[in-house]
Amino acid sequence: MTDLETTERATSDRGTNNRDIVLKARDLRKYYPIKGGVLQRQVGEVKAVDGVSFDLYKGETLGIVGESGCGKSTLGRVLMRLEEPTDGTVEFDGVQMYEQSGSAMRKMRRDIQIVFQDPYTSLNPRRTVGEIVGEPFNIHPDVVPKKGRRKAVQELLELVGLNPEHINRYPHQFSGGQRQRIGIARGIALNPKVLICDEPVSALDVSVQAQVVNLMEKLQRELGLAYIFIAHDLSVVRHISDRVGVMYLGRLVEIGDEDEIYSRPTHPYTQALLSAVPVPDPTLRGKRDQITLSGDVPSPANPPDGCHFHTRCWKVQDVCRTDTPELEVHQDGDGGHLSRCHFAEVRQVIETQDVSGRGKDSLFAGQGERDNSDAVAAGAAGDGDVQSGPDTRAPSGG
Amino acid sequence: MFGRDKHTAEQDDTHRDDTTRDTTGHDDANREEPATVVKGDPIAKPDVPPWERQGEQLLEVRDLFVEFHTSEGLAKAINGVNLTLAEGETLAILGESGSGKSVTAQAVMGILDMPPAKIPSGEIFYRGKDLLTMPEDERRKLRGPEISMVFQDALSSLNPVFPVGWQIAEMFRKHRDMNRSDSYDQAIRLMERVNIPGAKERVKAYPHQFSGGMRQRIMIAMAIALDPKVLIADEPTTALDVTVQAQIMALLKELQEEHDMGLILITHDLGVVADVADRISVMYAGRIVERAYVDDIYAAPAHPYTKGLLESIPRLDQKGQDLSAIGGLPPSLTRIPPGCAFNPRCVMAQDVCREESPPLRDIRPRRQSACHFAEELLDD
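Residues numbered from 1 in each chain as written. Chains lettered and ligands numbered in written order. Predicted model: local features only at pLDDT ≥ 70, side-chain atom pairs only at ≥ 80, totals over all residues. Heavy atoms only, no water.

Here's the deal with the pairing of strand β9 (residues 243-248) of chain A
Residues and elements named next belong to chain A.
Part 1 of the argument: Counting buried positions over the 6 residues of β9 gives 6, a clear majority of the element.
Part 2 of the argument: Sheet analysis places strand β3 (residues 61-65) next to β9, joined by 4 bridges and oriented parallel. From the neighbouring strand, Leu62 faces β9, where its bridge partner is Arg243.
Part 3 of the argument: Bridge count for β9 against strand β10 (residues 251-257) is 6 bridges, and the pairing is antiparallel. Looking at β10, one finds that Met247 is bridged to Leu252.
Part 4 of the argument: In sequence, β9 turns back onto β10 through a hairpin of 2 residues, with Leu249 there showing a positive phi of about 45°. (Buried < 20%, exposed > 50% of the residue type's maximum accessible area, 1.4 Å probe, protein only. Helix = DSSP H or I, 4+ residues; strand = E, 2+ residues; numbered from the N terminus. Pairing = 2+ DSSP bridges.)

Dropping the structure here:
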């Protein structure tokens with residue numbers, strides 16, 4: 001349990017252990033068997049999550065970034081106990097999650113909820129929005145009495161910026177952004193302490209993405225939620241997160257607060273990842289620190305020995321091929337933070353500008369907080385099978 | 001003015017009583033070739049890049065309209081698009097889903113399914129020849145050797161039941177009448193050129209045996225096989241991880257310089273555009289709403305939609321940023337609002353925006369915007 005010790009040490013190092021920890025994951029592992037041959041015997045395993053430990057504080061946002069196949073979505077599902085872990089523990093509010101039996105676990109899920117990536121497949125098409133958002137109240141009938149449920153659902157719709165009168169509509173009558181708002185309404189229905197968001201904005205168009213990100217920030221301020229924000233988009237994660245963990249092939253390779261990860265990264269993978277993200281500013285063309293990695297992410301079924309990243313790393317030495325580095329504190333020029341590299345060294349890949357408070361005078365400031373637009377009337381609802389009902393008024397302006 | 005057919009004629013009517021507005025340059029802006037060369041431009045650089053030189057453009061799209069007949073009615077996917085592309089130039093077409101950016105590319109490439117698609121009017125010139133009036137077998141001869149395309153999703157664009165080498169070699173068999181072994185040699189050469197390790201051993205492997213990034217490299221190898229002059233890349237990196245995206249964009253850039261290709265990059269990613277494009281056309285609801293050089297557009301957007309997009313994306317190099325979202329949704333193409341298509345979402349919208357569709361017009365040297373209030377926006 002070296003990871004555990006290091007994490008404890010690191011948190012006390014940084015003096016943050018006086019804040020309330022709401023979720024504590026220790027050495028989480030999830031292996032999927034690979035079966036083969038005539039007898040379907042196990043011939044190997046995919047180590048989707050391979051020893052992940054972290055703490056989540058009350059009311060904060062922890063971003064988890066990584067490329068496809070790094071195990072970040074599996075981590076989200078294991079934290080929700082949608083999948084049983086192979087090994088490891090999750091302590092939620094001081095209670096061991098994986099030791100809970102059926103009814104106790106169900107009770108625990110009131111406080112930990114999830115929002116899925118794809119708003120087109122995560123809502124049941126045969127149920128109305130009222131039924132979808134109100135379902136948590138049926139499972140936990142003691143939260144809201146039966147009589148008050150319709151009103152509670154309408155309040156939730158109002159809270160996420162939807163028109164409460166649309167309670168009897170079906171998911172296909174909403175646009176992608178509106179469906180994601182429905183998914184969020186369902187997630188916060190029981191007033192949870194932790195909301196796990198698995199790529200909540202990556203299926204949305206650019207102009208709609210910002211609406212949902214702003215909504216999530218507003219809800220966090222109003223409800224004091226803690227988010228685990230899983231995404232592959234490093235810019236969105238920087239914007240919303242207080243702390244960020246970077247995953248590569250099932251392991252956390254670096255974790256720290258926003259500045260530590262984005263301004264003072266010490267792991268070569270984090271540095272490469274940051275340098276590969278295009279910045280929407282043509283004046284920086286050719287001036288940015290470009291680290292081009294060769295090759296693709298290796299298969300998680302057969303990860304490289306030693307440090308998983310050594311096949312693509314420019315700093316690789318013999319020790320990297322044989323010894324797995326621990327996640328431990330490395331100096332980053334301004335204190336230190338956890339990084340999993342034998343040769344961790346700070347390298348500033350991007351120059352950060354602090355633009356706090358500058359967005360107030362932007363042209364579209366304060367727009368898109370609500371999405372009352374009638375997607376059916378506007379003809380913008382997702383699937384092609386929308387029946388044009390009697391309600392054909394043009395969308396109102398603004 | 002326009003007046004080539006009923007659609008443009010209708011448009012013409014809406015603009016005719018538009019006497020208070022600046023009407024100079026409507027014509028030019030929509031024709032583009034004179035618009036990009038502004039005489040006596042004080043900021044013109046002495047060495048004029050090829051796409052600013054007067055003369056024959058590699059590719060020119062004039063007043064293109066595309067519509068789809070669907071069960072919900074007529075979807076007007078493209079409503080009067082003008083484009084030019086010169087040798088060695090990178091033109092980015094930026095837009096969200098449903099803006100018509102991919103349909104434009106498919107129309108140029110000649111791979112629209114007709115029906116349901118229909119091109120009621122417009123011209124697409126490749127080196128002075130109109131592709132739309134050309135007989136199909138002549139057009140087929142251009143597709144590959146002259147104009148070529150890279151698609152977004154390499155897995156569904158490659159044929160799963162043939163080896164990748166066979167698919168690359170097909171270009172040489174069909175267009176150059178090469179025999180089997182010579183065309184395979186060419187396939188290996190191309191796979192090496194796009195940096196696929198072990199090309200010789202993997203030439204007979206099937207698409208599913210490659211990773212996403214490698215499949216995209218195979219798509220690129222097929223597209224550049226016959227040294228085309230125009231390469232259209234439709235969201236070439238959207239399905240890829242960010243480290244692989246950087247590799248693919250670098251490869252495209254390298255190949256473009258090597259062959260002096262004109263590259264049309266279709267994307268929704270403002271970051272990728274800032275990194276590689278020379279000029280940008282921003283599309284919204286089937287029209288180009290702003291056209292400018294990449295530096296100008298990022299420094300000071302001249303259309304509220306462009307400005308809203310730039311304000312709504314989080315930036316990796318900024319902290320404490322306030323995101324401003326654009327309210328509402330892009331319109332359905334079957335029900336594009338009257339006037340400016342962006343007016344229901346625009347914070348600057350006035351009555352004129354709901355009544356008159358603003359034409360794409362010159363507002364500054366070498367840049368055009370289709371907004372009634374472009375000058376006000378720029379002066380702010």
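Now that the structure has been shown, the text picks up again.
A few points about the sheet that holds strand β1 (residues 59-70) of chain B
Part 1 of the argument: The strand order across the open sheet formed by 4 strands is β2-β1-β4-β5 (chain B), and the pairing between neighbours is antiparallel. Two strands in the sheet have a free side with no partner beyond their single neighbour: β2 (73-85) and β5 (129-130) of chain B.

Quick look at the nonpolar core
Part 1 of the argument: Counting residues in hydrophobic clusters, the biggest one holds 67 residues, and the most contacted among them are A:Leu234 and A:Tyr262.
Part 2 of the argument: Residue-level mapping places this core at the junction of two domains, with at least three residues from each of domain 1 (2-111 + 192-352) and domain 2 (123-190) of chain A.
Part 3 of the argument: Each residue touching A:Leu234, except ones within four places of it in the same chain, is listed here: A:Val65, A:Tyr262, A:Leu273, A:Leu274, A:Val277, B:Val242 and B:Leu316.
Part 4 of the argument: With 43 residues, the next largest nonpolar core counts B:Val164, B:Ala205, B:Met219 and B:Leu240 among its residues. (Core = buried A, V, L, I, M, F, W, Y, C linked by side-chain atoms within 4.5 Å. Domains from an automatic or database assignment. Contact = heavy atoms within 4.5 Å.)

Section: the sheet that holds strand β2 (residues 41-57) of chain A
Residue and element names in this part refer to chain A.
Part 1 of the argument: Spatial strand order, β2-β1-β4-β5: 4 strands in an open sheet with antiparallel pairing. Strands with a single pairing partner mark the edges of an open sheet, and in this sheet they are β2 and β5 (95-96).
Part 2 of the argument: Bridge count between strand β1 (residues 21-36) and strand β4 (residues 87-92): 5 bridges; the pairing is antiparallel. Looking at the pairing, Arg26 lines up with Thr89 of β4.
Part 3 of the argument: Most of the contacts of helix α2 (residues 72-79) go to β1, to which it runs at about 115°, and overall it touches β1, β2 and β4. (Axes fitted to C-alpha atoms, helices over the stretch in contact; angles between N-to-C directions.)

What to know about α2(A)
All names here are of chain A.
Part 1 of the argument: The buried fraction of α2 is high, at 6 of 8 residues.
Part 2 of the argument: When α2 is considered as a whole, its buried residues turn out to be Lys72, Thr74, Leu75, Gly76, Val78 and Leu79.
Part 3 of the argument: Positive phi shows up at Arg81, right after α2, with a value of about 60°.

Overview of the interface of chain B and chain A
Part 1 of the argument: At the interface, 58 residues of chain B touch 63 residues of chain A.
Part 2 of the argument: Summing both sides of the interface, chain B and chain A together bury roughly 5400 Å²; the carbon and sulfur share of this comes to 55%.
Part 3 of the argument: One can count 3 salt bridges joining chain B with chain A.
Part 4 of the argument: Among the ionic pairs, A:Arg288 bridges to B:Asp275, the shortest N-O distance being 2.7 Å.
Part 5 of the argument: Linking chain B with chain A are 20 residue pairs in polar contact (both at pLDDT 80 or more).
Part 6 of the argument: Elements with a contribution of two residues or more to the side of chain B that touches chain A: α10 (212-224), α11 (242-259), α12 (270-276), α13 (294-299), α14 (304-312) and β11 (318-319) of chain B. (Buried area = accessible area lost by both parts, 1.4 Å probe. Salt bridge = Lys/Arg side-chain N within 4 Å of Asp/Glu carboxyl O. Polar contact = N/O pair within 3.5 Å; in protein donor to acceptor, adjacent residues only side chain to side chain.)

This is a description of form; function is not addressed.
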